[in-house]
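# Coordinate analysis (summary)
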Amino acid sequence: MCGADNASAGDAASMGGLLCPRCRSSLTPKPFGRASIHACGSCRGIFVGAIQFSMIIHDYVAGVELPLGALPVNPPSAHPEQDVAKVLPIVTCVACVREMDRTNFASRSGAIVDVCSKHGIWLDAGELVPMLHFVKTRADLGKVPLTEAELATERELGRERAESDVRVSLLEITLEKMTRAPPYDVR
Ligand SMILES: [Zn+2]
Ligand SMILES: [Zn+2]
């Protein structure tokens with residue numbers, strides 16, 4: 001019998017069985033503004049469901065005060081990009097256990113994140129705040145202007161996406177995918 005199973009289908013996360021994809025500790029659901037996040041007390045990473053994440057982004061861009069100070073942070077490192085991008089292995093989604101897509105936009109926002117386009121986003125300690133700043137800046141400005149160095153890199157790489165005024169970050173593509181029609185949300 002599943003007497004304790006009063007959660008709706010696909011809402012297994014609310015039963016508290018999620019494990020940290022980084023260190024396998026239990027994730028603890030925590031309120032964050034009107035959304036909720038799943039926090040790891042050991043490695044201090046957080047998992048945020050797709051709908052919850054879009055809610056957080058929406059509120060932050062709208063100027064709603066969020067408890068950013070309560071977020072765990074990592075002590076600053078001399079080479080944070082290397083630490084995160086090269087040392088940490090790709091994680092698996094807490095909901096579907098598929099390998100997540102690593103979205104690297106470090107040069108734009110200072111954050112490198114692992115995303116499941118169906119379920120949500122894994123953020124290691126300290127990644128949410130720079131990401132929120134990045135998204136808000138883009139929303140405020142319409143776009144974050146490319147630096148000269150970045151323009152040069154784009155030209156060198158000959159990317160088709162180098163049309164700078166319509167340059168779309170991987171994050172935004174991912175966010176769009178995540179928020180368009182997620183099958184369910186991890187709360
Ligand atoms: Zn952990
Ligand atoms: Zn997933």
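Quick note: structure is the one above.
Below you will find a few notes about this structure. (Residues numbered from 1 in each chain as written. Chains lettered and ligands numbered in written order. Predicted model: local features only at pLDDT ≥ 70, side-chain atom pairs only at ≥ 80, totals over all residues.)

## Remarks on the pairing of strand β1 (residues 27-32)
Convention followed: Between any two strands, at least two bridges found by DSSP are needed for them to pair. In this text, helices come from DSSP runs of H or I with a minimum length of four residues, and strands from runs of E with a minimum of two, each type numbered from the N-terminal end.
Judged from the six bridges that link them, β1 and strand β2 (residues 35-40) form a sheet pairing that is antiparallel. By the bridge assignment for β2, T28 is matched with A39. Counting the residues that bridge the hairpin from β1 to β2 gives two residues, and of these G33 lies at a positive phi of roughly 60°.

## Brief notes about the nonpolar core
Cut-off, in case you're wondering: By convention in this section, buried Ala, Val, Leu, Ile, Met, Phe, Trp, Tyr and Cys residues joined through C-beta atoms within 7 Å make up a nonpolar core. For every residue, the other C-beta atoms within 10 Å of its own C-beta are counted; 20 or more classify it as buried, 12 or fewer as exposed, and values in between as partly exposed. C-beta atoms are placed from the backbone. Contacts here follow a simple rule: the backbone-placed C-beta atoms of the two residues must lie within 7 Å.
Core analysis: the largest hydrophobic core is formed by 32 residues, its most contacted members being I46, V48, I56, V113, I121 and L123. Going through the elements one at a time, β1, β2, β3 (46-49), α1 (50-61), β5 (112-116), β6 (120-123) and α4 (128-141) are the ones with two or more residues in this core. Sorting elements by how many residues they give to this core places α1 first, with six residues. With residues up to four places along the chain from it excluded, the contact list for I56 reads F32, G33, A35, V48 and L66.

## Comments concerning the environment of S36
Its place among the elements puts S36 in strand β2. S36 sits in the partly exposed class, given 19 other C-beta atoms within 10 Å. As for S36 and I56, which are separated by 20 residues in sequence, their C-alpha atoms are 8.9 Å apart.

## Let's talk about unusual backbone geometry
Of note in this structure, R24 is not a glycine but carries a positive phi near 70°. Within the secondary structure, R24 is located in the segment before β1. Residue class for R24 comes out exposed when judged on the 10 C-beta atoms lying within 10 Å of it. For V97, which is not a glycine, the phi torsion comes out positive at approximately 60°. As for its position among the elements, V97 is in the loop between α2 (80-87) and β4 (101-104).

## Digging into the pairing of β6
Judged from the four bridges that link them, β3 and β6 form a sheet pairing that is antiparallel. By the bridge assignment, V48 is partnered in β6 with I121. Summarising the sheet, β5 and β6 pair through three bridges and their orientation is antiparallel. Opposite V115, over in β6, you have I121 as the bridge partner.

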